[in-house]
Amino acid sequence: MRIAIFGQYYQNDTRPIIRDIFLFLNENQVDLVIEADFLKILYEHELLKKSYKTFSSYEDLQSGFDLMISIGGDGTILRAATFVRDLGIPILGINAGRLGFLAKVQKENINAFLQLVLERRYTISERTLLELQITPDDGKIPTLNFAMNEVTVSRKDTTSMITIETHLDNEYLTSYWADGLIVATPTGTTGYSLSCGGPVLTPDAKCWVITPIAPHNLNARPLVIPDHTTIRLRVSGREDQFLVSLDSRLITLTKEHVLTIRKNDFTIKMVEIQEESFLKTLRNKLLWGEDKRN
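Residues numbered from 1 in each chain as written. Predicted model: local features only at pLDDT ≥ 70, side-chain atom pairs only at ≥ 80, totals over all residues. Heavy atoms only, no water.

(A) Fine view of the overall build of the chain. Tallying secondary structure elements over the chain gives 6 helices and 19 strands in all. Radius of gyration (C-alpha) of the chain: 20 Å, near the 19 Å computed for a compact globule of 294 residues. Projected onto its principal axes, the C-alpha positions of the chain cover 60 × 55 × 35 Å. Here the chain holds 294 residues, and the buried ones make up 51% of them. For the chain, the accessible area works out to roughly 14200 Å², and carbon and sulfur atoms hold 46% of it. Looking at charge distribution, the chain has the averaged site of its 33 positive side-chain charges lying 3 Å from that of its 37 negative ones. (Helix = DSSP H or I, 4+ residues; strand = E, 2+ residues; numbered from the N terminus. Rg over C-alpha atoms; globule rule 2.2 N^0.38 Å. Buried < 20%, exposed > 50% of the residue type's maximum accessible area, 1.4 Å probe, protein only. Areas by Shrake-Rupley, 256 points an atom, 1.4 Å probe, with all protein chains shown as cover. Lys, Arg positive; Asp, Glu negative; His and termini not counted. Charge placed at Lys NZ, Arg CZ, Asp CG, Glu CD.)

(B) Spatial organisation of the sheet that holds strand 11 (residues 171–178). Read across the open sheet, the 6 strands follow the order 8-7-18-15-10-11; overall the sheet is antiparallel. Lying at the two open borders of the sheet, with one neighbouring strand each, are strand 8 (146–147) and strand 11. (Pairing = 2+ DSSP bridges.)

(C) Highlighting helix 4 (residues 110–118). All of the buried residues in helix 4 are Ile110, Phe113, Leu114, Leu116 and Val117. When helix 4 is viewed along its axis, its buried side chains cluster within an angular range of 155 degrees and face the same direction. Where helix 4 ends, the next residue or the one after it, Arg120, has phi of about 55 degrees, a positive value. (Arc of directions from axis to C-beta.)

(D) Main features of the nonpolar core. Ranked by internal contacts, the top residues of the largest apolar core, which has 33 residues, are Ile5, Phe22, Leu25, Ile69, Leu92 and Ile273. Looking at this core, the elements that each hand over two or more residues are strand 1 (2–7), helix 1 (11–27), strand 2 (31–35), helix 2 (36–44), strand 4 (67–72), strand 5 (91–95) and helix 4. The dominant element in this core, judged by the number of residues it contributes, is helix 1, at 6 residues. Counting 26 residues, the second largest nonpolar core, distinct from the first, contains Leu130, Ile162, Val183 and Leu233. (Core = buried A, V, L, I, M, F, W, Y, C linked by side-chain atoms within 4.5 Å.)

(E) Quick peek at the pattern of salt bridges. Taken as a whole and judged by the stated rule, the model has 10 salt bridges. With a shortest N-O distance of 2.9 Å, Asp31 and Lys53 are connected by a salt bridge. Here Asp31, found in strand 2, pairs with Lys53, found in strand 3 (residues 53–55); they are 22 residues apart in sequence, far enough to count as distant. On the basis of relative accessible area, Asp31 is assigned to the partly exposed category, the value being 26%. Linking Lys280 and Glu276 is a salt bridge whose minimum nitrogen-to-oxygen distance equals 3.7 Å. Under the relative-accessibility criterion, Lys280 is labelled partly exposed at 28%. (Salt bridge = Lys/Arg side-chain N within 4 Å of Asp/Glu carboxyl O.)

(F) A look at the side chain of Gln106. Inspection of the secondary structure assignment puts Gln106 in the loop between strand 5 and helix 4. Setting aside residues up to four positions removed in sequence, Gln106 forms contacts with Asn95 and Lys285. (Contact = heavy atoms within 4.5 Å.)

(G) Representation of the sheet that holds strand 12 (residues 180–184). Sheet architecture is open: 6 strands sit in the order 14-13-12-9-16-17, paired in antiparallel fashion. Two strands bound the open sheet, and with one partner strand each, they are strand 14 (223–226) and strand 17 (249–254). Each strand axis lies, on average, 20 degrees off the axis of its neighbour in the sheet, ignoring direction. Taken together, the 4 bridges between strand 13 (residues 207–213) and strand 14 define a ladder with antiparallel strand orientation. Bridging from a neighbouring strand, Trp208 pairs with Ile225 of strand 14. (Axes fitted to C-alpha atoms, helices over the stretch in contact; angles between N-to-C directions.)

(H) Up close: the side chain of Thr211. Considering the arrangement of structural elements, one finds Thr211 in strand 13. Residue Thr211 is classed as buried on the basis of its relative accessible area of 0%. Engagement of the side chain of Thr211 in a polar contact is seen with the side chain of Ser193, the distance being 2.8 Å. Those residues within four positions of Thr211 in sequence are excluded, and the remaining contacts are Leu181, Ile182, Ser193, Cys196, Gly198 and Pro222. (Polar contact = N/O pair within 3.5 Å; in protein donor to acceptor, adjacent residues only side chain to side chain.)

(I) How the structure looks around the environment of Glu276. Following the sequence through the fold, Glu276 ends up in the loop between strand 19 (268–272) and helix 6 (278–286). Its relative accessible area of 8% is what places Glu276 among the buried residues. Not counting residues within four places of it along the chain, the set of residues in contact with Glu276 comprises Lys104, Asn109, Phe113 and Thr281.

Structure below.
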């Protein structure tokens, strides 16, 4: 089995996790290829000593990998997806963070779950992505124009609200007067959208969620729409510029730009282990079903 490894290093949280992962995979003679910057950090902290092959770009992963392991939190998985893109390499998240919904493997279960992975006793969850197009195309469109969690429009250099004129499949919906607007995938509904009052969707739902950020009108509620919908946004406000984020990747646009958001033509594959289902993760992270009377 050939596995790529990408991760984030946190001094106190990740050292034992990293040791356990590499010890297990090396004992099982797995062919490991490690992201170059991550490997450099591991060498600096003397967590690894032997030599490993490295990757540093999407192009380096095009020679046949069975899996990518992401060590960190959900943000690390989102960055891992920018390496994988349309290659179809499944991503397994090992949680070294706190409130992770994507990074399923917890530190106390690493060996048991990695054994299931080596035995290929797992399923694949295909996560739909949002694609962003910008008009006019004046070089502002980022190379990575997709988002696994959400595309967010928000104010910049001002405390004033912005107005986001919103069309769905060429039909006018409304103009949100707010701090911003989130268009979330099912995967992203447990992230920024959730903290702004949006609903949680299961990962296999064929929907998007549009969630306003701190809207002026209290009747502006989150809206669930089919994922074949094309969304068009035009922003206006006191300042000429506004921010757009694709997951954590930020770009600055002006009021002359129109945003078009639709379903991307490829998906990201996530490794799912039966013992750590989405519903179990939801119960654990949101403390559902626990008796709080004591």
